[in-house]
Amino acid sequence: MMLRLLAMMLVATSQLFAEGTPPVALFYTFDGSICDQGLNKGTPIPDGSVVKVYWDLNGNGPDEKDFQPAIGSEAENVNWNTYVINSDSLIKVKGMIATDPGFCVVGLLPDVPRYYFRICLDGKSLTSDVFTLVSGLQEFNLKNWYVGPACKNAK
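What you are looking at is a predicted structure, and each value in this text was computed from that prediction instead of being measured.

About the thresholds
- Within each chain, residues carry numbers counting from 1 in the order of the written sequence.
- Totals for whole chains, interfaces and linings use every residue, but because this is a predicted model, local features are given only for residues with pLDDT of at least 70 and side-chain atom pairs only at 80 or more, for both listing and counting.
- Hydrogens and water are ignored here; the side-chain numbers use all heavy atoms of the structure.
- A helix here means a DSSP run of H or I that spans at least four residues, while a strand means a run of E at least two residues long, and both kinds are numbered starting from the N terminus.
- In this scheme, a residue with accessible area under 20% of its type's maximum is buried, one over 50% is exposed, and one in between is partly exposed, where area comes from a 1.4 Å probe on protein chains only.
- Each accessible area value is a Shrake-Rupley result obtained with a 1.4 Å probe; residue values ignore everything except the protein chains displayed when judging cover.
- Any N or O atom pair separated by 3.5 Å or less is treated as a polar contact, with the protein-specific requirement of one donor-capable and one acceptor-capable atom, and with residues adjacent in sequence counted only for side-chain atom pairs.
- Two residues qualify as a contact provided that any one of their heavy atoms is within 4.5 Å of a heavy atom in the partner residue.
- Two strands are counted as paired when DSSP detects at least two bridges linking them.

**Things to note about the overall build of the protein**
Assigned secondary structure in the protein consists of 2 helices and 11 strands. Start at the N end of the protein and walk to the C end: the helices and strands fall as α-β-β-β-β-β-α-β-β-β-β-β-β. Across the 155 residues in the protein, those meeting the buried criterion constitute 37%. Carbon and sulfur atoms provide 59% of the accessible area of the protein, an area that totals close to 9,000 Å².

Okay, structure coming up:
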């Protein structure tokens, strides 16, 4: 019985690794503060500002067809899609991001595993570069932020 259980565990483990390890990404902006005019330009974004993750669904960069990925336990869902800046309390520097926990996609990556962050501000938004997830642990230093039009339906 014990050998049969061990064999089942080995088969399950080998299938898990054959599929590839799930993607886990950590994000930070240790090269400077996210400010209302981009990285290190203007006034640092205050704690409590909401950063939203968007899925670049068609792989052509940020556009109006993109949406936030679903949170859940089904394939291609994520563990979170909104992050609240807490840099003053977490790393003692205003306007910086250091995500905790990491951003995870459930199961296999979607066909287009490209995402980006958007911060909605009064009358404008800041959008990060698009990043592409791969299986396994990865880190992204979000260095480029672009000022754009106000977010639709921003709260």
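**A word on the side chain of T127**
Inspection of the secondary structure puts T127 in strand β8 (residues 124-128). Within the structure, the side chain of T127 is placed 3.1 Å from the side chain of R118, a separation counted as a polar contact. Those residues in contact with T127 that lie beyond four places of it in its chain are P62, Y116, F117, R118, N144, W145 and Y146.

**Looking at the side chain of T99**
Turning to its location among the elements, T99 is positioned in the loop between α2 (87-90) and β6 (103-104). We classify T99 as buried; its relative accessible area is 9%. Contact partners of T99, with chain neighbours within four places excluded, come to A25, L26, F27, W80 and Y83.

**Section: the sheet that holds strand β10 (residues 136-141)**
Strand pairs in the sheet, formed through backbone hydrogen bonds, run parallel or antiparallel to each other. Reading across the sheet, the 3 strands line up as β6-β1-β10 and stay open at both edges, with mixed pairing between neighbours. The open sheet has two edge strands, β6 and β10, and neither has a second partner. Judged from the 6 bridges that link them, strand β1 (residues 23-28) and β10 form a sheet pairing that is parallel. Counterpart to V24 in the pairing with β10 is L137.

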